[in-house]
Amino acid sequence: MYKFTLPKRKPASHKTSGSDLSISRAPVKYTKSTQKIFHSNLKFKWPHLIIFAAIIGVTGSYFLVFAKASSPITLEGKLEIIVAPHSDTVQDEDREHAYNFNDDYYGIVTDDRQHIRLNFKEKPKIQPGSRIKIKGSKPSTASIGTSTALAADNTASGIAVESTEVLQAAVLPKVLGPQKVAAIKVNFSNISYAAATDATISTAFFSGPKSTNAFIKQASYKKASLEGSSIFKISIPNRNDEPGAAFGCAFLEWAEAAIAGAASQGVDLSGYSYFVFLLPQSPVCQFLGLAEVGGSHFSWFNGATAIDAYSFSHEIGHNFGLQHANGYDCKLKGKKVQISTTCAEVEY
């Protein structure tokens, strides 16, 4: 959507720079002569701009109004999917059809580890972690010359994807044997992690008789476990109230900062396959627990509320490649029934 503002009547020259068009503020009589001059001064590539010209009559004068348009973008990287959190306080039967696939975070992780949000028209049937090439567009005032600039300008709308090509399809690995988890307590520049002790985390995740590790062992008939997992503490220069492109906060940037800062702080993460980031309660994050489906095997916990075996089992299940479960919401004459011809699929 473009917003046009009627310019004030004061002298100014018409200039073009790159893909930008300034607004011609001087009243111009639009004649064949001015048309010829105007066209000869436009130096840009038409596919890169959409020009909206509005001729508005004001006291016998005319104004030409131009707006900057969407910029075409081509990116390569790995598909990233992070499942939208659902509130545990809402009963399943009351959810109705609030869930939409665009509630989830879809993004591309570039080779230089920039996370850039993607906005698909339809839910992509592509395995997370697959290498893809996307073409799309994004109305933006920021430079889009680098993936870093794109990520910095990563608004909630993201890039509108027009086409997607799978360059290399990802295959989910079999979850067998020890799956080593690095539980990282993140210290921010404005607040340190104190939501849960190492003992509480270890009991819930790894060592307790009702821990996630115990559940995975039982469910897999001891063919998988979280043995060899560890708890670390890493400091990052960020604040825990930084807004982000999804779910209220910059959780992806914080994860990358923690991974990048590990080595300089004497933490060796090379032997770990899964990374859970334990955050001090953030006032802007709109989740308690969150996880990536496959991909980089990242998950996040905001504060101490969700530090329990149930929540961690749920989130690491996403890391293993699982989506949310689905059910049918069926109604007949306005009343809920077990089955009908008007059932709707509900994710929970």
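Not measured: the values here are computed from a predicted model. (Residues numbered from 1 in each chain as written. Predicted model: local features only at pLDDT ≥ 70, side-chain atom pairs only at ≥ 80, totals over all residues. Heavy atoms only, no water.)

Run through the state of the cysteines, naming residues and quoting values.
In protein structure, a disulfide is the covalent linkage between the sulfur atoms of two cysteines. Overall, the coordinates contain two disulfides when judged by the stated rule. In this model, Cys249 is linked to Cys285 through a disulfide, with the two sulfur atoms separated by 2.1 Å. Here the disulfide of Cys249 and Cys285 is right-handed, its torsion about the S-S bond being about 105 degrees. Here the residue Cys249 occupies a position in the loop between strand E11 (230–235) and helix H5 (251–262), and Cys285 occupies one in the loop between strand E12 (274–279) and strand E13 (289–291), the gap between them amounting to 36 residues. The buried category is assigned to Cys249, whose relative accessible area is 1%. Note on cysteine connectivity: Cys330 is disulfide-linked to Cys343, with sulfurs 2.0 Å apart. (Disulfide = S-S within 2.5 Å. Helix = DSSP H or I, 4+ residues; strand = E, 2+ residues; numbered from the N terminus. Buried < 20%, exposed > 50% of the residue type's maximum accessible area, 1.4 Å probe, protein only.)

Tell me about the packing of aromatic side chains, residues and numbers included.
Using the criterion set out here, one finds 16 aromatic pairs in the structure. For the pair Phe251 and Phe287, a centre-to-centre distance of 5.9 Å together with 80 degrees between the ring planes defines the contact as edge-to-face. Placement of the pair is Phe251 in helix H5 and Phe287 in the loop between E12 and E13, with a sequence separation of 36 residues. For Phe287, a relative accessible area of 5% corresponds to the buried category. Relative to Phe298, the ring of Phe275 lies with its centre 6.0 Å away and its plane at 85 degrees, an arrangement referred to as edge-to-face. On the criterion of sequence distance, the pair formed by Phe275 in strand E12 and Phe298 in strand E14 (residues 298–302) is long-range, its members being 23 residues apart. The residues Phe275 and Phe298 share a single accessibility class, namely buried. One aromatic cluster is present, formed by Phe247, Phe251, Phe275, Phe277, Phe287, Phe298 and Trp300 through successive ring pairs. The ring of Tyr272 has Lys180 sitting right over it, with the charged end atom 4.7 Å from the ring centre. (Phe/Tyr/Trp six-rings, centres within 6.5 Å; stacked < 30°, edge-to-face > 60°. Lys NZ or Arg CZ within 6 Å of the ring centre and 35° of its normal.)

Report on helix H3 (residues 198–207), specifying residues and quantitative values.
Along H3, the residues classified as buried are Ile201, Ala204, Phe205 and Phe206. Axial view of H3: buried residues confined to an arc of 155 degrees, hence all on one face. In this structure, H3 carries Ala199 and Ser207 as exposed residues pointing more than 90 degrees from its buried face. Its buried side turned inward, H3 meets strand E9 (181–187), helix H4 (212–219), E11, E12, E14 and helix H6 (309–319). (Arc of directions from axis to C-beta. Contact = heavy atoms within 4.5 Å.)

Describe in detail empty space enclosed by the protein, supporting the description with residues and values.
With the rule as written, the count across this model stands at two cavities of 30 Å³ or more. Around the largest cavity, the lining is made up of 10 residues, and of these Tyr105, Ala245, Ala246, Leu252 and Glu253 lie nearest the centre. Here the lining of the largest cavity gets three residues from one element, more than from any other, and that element is H5. A breakdown of the residues in the lining of the largest cavity according to their chemical character gives six nonpolar, three polar and one charged. (1 Å grid on protein atoms, 1.4 Å probe; cavity = no way out; pocket = protein on both sides within 12 Å on 5 of 7 lines; lining within 4 Å. Points joined across faces, edges and corners; volume = space filled by probe spheres on them. Nonpolar A, V, L, I, M, F, W, Y, C, P; charged D, E, K, R; others polar.)

Describe the sheet that holds strand E4 (residues 105–109), and please don't skip the residues or the numbers.
One closed barrel holds the five strands; their spatial order is E3-E4-E5-E7-E6, and the pairing between them is mixed. If you compare each strand with its neighbour and ignore which way they point, the axes differ by 50 degrees on average. Here three bridges tie E4 to strand E5 (residues 115–119), and the two strands are oriented antiparallel to one another. Each residue of the ladder has a partner; that of Gly107, found in E5, is Arg117. (Pairing = 2+ DSSP bridges. Axes fitted to C-alpha atoms, helices over the stretch in contact; angles between N-to-C directions.)

Describe the side chain of Glu256, listing the residues and the values that go with them.
Mapped onto the elements, Glu256 comes out in helix H5. Setting aside chain neighbours within four positions, we find Glu256 in contact with Arg113, His115 and Phe298.

Any chance you could break down the side chain of Ser311 for me, citing the residues and the numbers?
Relative to the helices and strands, Ser311 is located in helix H6. Those residues in contact with Ser311 that sit more than four places away from it in its chain are Phe301 and Ala306.

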